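Coordinate analysis (summary)
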Amino acid sequence: MKKPLVAALSSLALAGLGATPAMAAPHTTAPHTTAPHTAKSVKATVDFAGTVSLSNCSGSVIRFPNSADTDPALVLTNGHCLETGMPGPGDVITGQSSSRSFGLLNSAGSRIGTLRANQVVYSTMTDTDVTIYRTTTTYAAIKSSYGISPLTVQDTHPVAGTAIKVVSGYWKRIYSCNIDGFVYRLKEGDWTFKDSVRYTSACNTIGGTSGSPVVDTATGKVVAVNNTGNEDGERCTVNNPCEVDANGNVTVRKGINYAQEIYNIPACFTTGNKLNLSASGCTLPKP
């Protein structure tokens with residue numbers, strides 16, 4: 001397994017995408033009405049601003065609810081996108097040096113700058129599938145140089161039925177669907193993910209979308225990180241995860257894709273965006 005889990009079919013996906021440009025819907029402005037004081041339901045604009053492209057995956061510049069503008073900016077992607085190879089079952093990597101680069105995108109999906117990591121703050125494929133990089137710059141500096149703000153991680157459990165968008169910086173493509181529900185255990189090869197997000201079928205994500213932020217269209221907050229899907233209908237194999245309920249019953253959903261929750265991550269970061277796996281409320285797997 002030399003390629004990321006979801007990215008294993010990237011080469012085949014190229015042919016399918018050739019006829020369909022990977023374009024996001026343009027910004028739209030709410031129509032002017034003759035009753036400007038009428039209360040309206042306002043949805044967040046979800047585009048590519050703050051997302052990044054990696055060499056083999058997608059990702060995003062993230063902040064936590066208590067992050068400061070002067071903190072070092074963090075980039076979120078999948079554990080299986082780690083440049084040194086996929087963490088094995090039970091592996092947790094912290095504080096590993098890195099010089100990985102990320103293409104920073106604007107709202108239209110154009111690359112407007114390059115961010116560089118100096119550390120893998122946290123990476124694992126145990127219970128979840130996340131890598132968090134620390135970059136060499138701050139949120140304030142990114143805003144000053146590029147006019148781009150980070151995406152905020154939601155620190156509460158996502159809700160079934162929520163309208164979401166999966167924003168791929170690798171493909172410059174946005175998928176729209178809803179959270180269909182949650183999976184007690186999602187088994188894929190040697191890995192097991194807990195309490196995974198299952199999409200409705202409209203989010204037919206492909207190789208290269210690994211690590212994409214899953215954004216709540218109502219709030220603009222990141223509620224999960226895209227990571228895998230059952231491609232061939234196989235049972236519990238790599239690229240063909242299966243669902244396992246609390247009683248051990250196995251369900252295979254060919255063509256359905258999944259993400260990993262991240263609401264539990266903010267509790268593990270303290271002042272200055274520093275990782276503290278011993279912090280109160282931190283439930284991330286430890287080394």
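Summarised in this report is the structure supplied together with it. Since we're looking at a predicted model, the values are computed, not measured. (Residues numbered from 1 in each chain as written. Predicted model: local features only at pLDDT ≥ 70, side-chain atom pairs only at ≥ 80, totals over all residues. Heavy atoms only, no water.)

**Some details on the state of the cysteines**
The following threshold applies: Put simply, a disulfide is two cysteine sulfurs that come within 2.5 Å. By definition, any uninterrupted DSSP run of H or I lasting at least four residues is a helix, any uninterrupted run of E lasting at least two residues is a strand, and each is numbered from the N terminus. Accessibility here uses a 1.4 Å probe with only protein chains present; expressed as a share of the type maximum, an area under 20% marks a residue as buried, one over 50% as exposed, and anything in between as partly exposed.
By the definition in use, this model includes 4 disulfides. Bridging cysteine 177 to cysteine 203, the disulfide has an S-S length of 2.1 Å. For the disulfide bridge between cysteine 177 and cysteine 203, the dihedral angle about the S-S bond is near -100°, and by the sign convention the bridge is left-handed. Taken together, the residues span a long stretch of sequence, with cysteine 177 in strand β10 (residues 173-188) and cysteine 203 in the loop between β11 (191-199) and β12 (213-216) at a distance of 26 residues. Here cysteine 268 is linked by a disulfide to cysteine 282, with a sulfur-sulfur distance of 2.0 Å. Taking the sign of the S-S torsion, about 100° here, the bridge from cysteine 268 to cysteine 282 comes out right-handed. Remark: cysteine 282 occurs in the segment after β18 (274-275) and cysteine 268 occurs in the loop between β16 (257-261) and β17 (269-270); sequence separation between them is 14 residues. Considered together, cysteine 268 and cysteine 282 belong to a single accessibility category, that of buried residues.

**Focus: the pairing of strand β2 (residues 58-63)**
Going by this rule: The rule for pairing is simple: two strands pair if DSSP sees at least two bridges between them.
Counting buried residues along β2, 6 of its 6 residues qualify, which places the element largely inside the surrounding structure. The alternating pattern of β2 places Ser58, Ser60 and Ile62 and Gly59, Val61 and Arg63 on opposite faces, both of which are buried. Bridge count between β2 and strand β3 (residues 72-77): 3 bridges; the pairing is antiparallel. The residue bridging valine 61 from the neighbouring strand is valine 75, located in β3.

**Brief notes about the packing of aromatic side chains**
As a reminder, the rule being used: Here is the rule: rings of Phe, Tyr and Trp (six-membered ring for Trp) pair when centre to centre is within 6.5 Å. Planes less than 30 degrees apart are stacked, more than 60 are edge-to-face, and the remainder are tilted. Lysine and arginine charges are scored as sitting over a ring when NZ or CZ, respectively, is within 6 Å of the ring centre and within 35 degrees of the ring normal.
With the rule as written, the count across this model stands at 3 aromatic pairs. Between the NZ or CZ atom of arginine 63 and the centre of the ring of tyrosine 139, over which it lies, the distance is 5.5 Å.

**Observations concerning the pairing of strand β6 (residues 111-124)**
Of the strand pairs in this sheet, strand β4 (residues 92-97) and β6 are connected by 5 bridges, and their pairing is antiparallel. Considered in β6, the bridge of glutamine 96 is made with valine 120. Sheet topology places strand β5 (residues 101-105) next to β6; 5 bridges connect them, and they run antiparallel. Looking at β6, one finds that leucine 105 is bridged to arginine 111. The loop that links β5 with its antiparallel partner β6 comprises 5 residues; one of these, glycine 109, has a positive phi angle of about 90°. As paired strands, β6 and strand β7 (residues 130-138) are joined by 6 bridges and run antiparallel to one another. Considered in β7, the bridge of glutamine 119 is made with arginine 134. In this antiparallel pair of consecutive strands, β6 and β7, the connection spans 5 residues, and aspartate 127 shows a positive phi of 75°.

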